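Descriptive structure summary
Here is how the chains run, residue by residue.
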Amino acid sequence: MKQRVLVVDDDDVMQRVLQAVFKSQAETKVVSSVAEAVVALASFQPDLIVSDNIMPGESGLLFLEGLAREGHPARRVLFSASEPESVRALLRAGTLVAFVKKPATLEELQGLLRA
């Protein structure tokens, strides 16, 4: 059975790149904001959530932290051009399974399915 991946990124190019990277190995849903992600989670149960950090509205980091507090079972990955100060602590605490800095290699992105 294919994994299910939710991609949260407001950049159209990154949405297309991530969709292309994951589509052969995972059922992928792409949304452009945290608000859209919250709606998507009502009907789409992902195994992996890959979120940009800086987006209009709520940040991806706050979204992923909230999911962790709620006990959401999906693995959570922050995918961003800048590394927030709290990332290392969130990785140690298990809030995030990975932080991937943009731009990333194809191998780094494909490796997220195994994270």
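Quick look at the structure, then. Values in this document were obtained by computation on a predicted structure and should not be read as measured data. (Residues numbered from 1 in each chain as written. Predicted model: local features only at pLDDT ≥ 70, side-chain atom pairs only at ≥ 80, totals over all residues. Heavy atoms only, no water.)

Turning next to the side chain of Lys102. Assignment of secondary structure puts Lys102 in the loop between strand S5 (98-101) and helix H5 (106-111). A polar contact is formed between the side chain of Lys102 and the side chain of Asp52, at a distance of 3.3 Å. Ignoring any residue separated from it by four or fewer positions in sequence, one finds Lys102 in contact with Asp9, Met14, Asp52, Phe79, Ser80 and Ala81. (Helix = DSSP H or I, 4+ residues; strand = E, 2+ residues; numbered from the N terminus. Polar contact = N/O pair within 3.5 Å; in protein donor to acceptor, adjacent residues only side chain to side chain. Contact = heavy atoms within 4.5 Å.)

Throughout the structure, instances matching the rule amount to four salt bridges. A salt bridge links Glu27 to Arg4; the shortest N-O distance between them is 3.1 Å. Taken as a pair, Glu27 in strand S2 (residues 26-31) and Arg4 in strand S1 (residues 3-8) lie far apart in primary sequence, 23 residues in all. Here Arg88 ties to Glu83 by a salt bridge, and the two come within 3.7 Å at their closest N and O atoms. (Salt bridge = Lys/Arg side-chain N within 4 Å of Asp/Glu carboxyl O.)

This paragraph deals with the nonpolar core. One finds Leu6, Val8, Ile49, Phe63, Leu64 and Leu78 to be the most contacted residues of the largest nonpolar core, which totals 20 residues. Broken down by secondary-structure element, the contributors of at least two residues to this core are S1, helix H2 (34-41), helix H3 (60-70) and helix H4 (87-93). Excluding its chain neighbours within four sequence positions, the residues that come into contact with Phe63 are Val8, Val34, Ala37, Val38, Leu41, Ile49, Ser51 and Glu58. The next biggest cluster of nonpolar side chains, apart from the first, holds 16 residues, and it includes Ala26, Leu48, Ala98 and Val100. (Core = buried A, V, L, I, M, F, W, Y, C linked by side-chain atoms within 4.5 Å. Buried < 20%, exposed > 50% of the residue type's maximum accessible area, 1.4 Å probe, protein only.)

When strand S4 (residues 75-80) meets S5, the two strands line up parallel, connected through four bridges. Within the sheet, the bridge partner assigned to Ser80 lies in S5 and is Lys101. Crossover connection from S4 via H4 to parallel S5: handedness right-handed. (Pairing = 2+ DSSP bridges. Right-handed = clockwise from strand over helix to strand, strands pointing away.)

Moving on, we come to the sheet that holds strand S3 (residues 48-51). Strand order in this open sheet of five strands is S2-S1-S3-S4-S5, and the pairing throughout is parallel. In this open sheet, the two edge strands, each paired with only one partner strand, are S2 and S5. With direction set aside, neighbouring strand axes in the sheet form an average angle of 20°. On the sheet, helix H1 (residues 12-22) packs against S1, S2, S3 and S4 and is oriented at approximately 170° with respect to S2. Sitting on the sheet, H2 touches S1, S2 and S3, and the angle it makes with S1 is about 155°. (Axes fitted to C-alpha atoms, helices over the stretch in contact; angles between N-to-C directions.)

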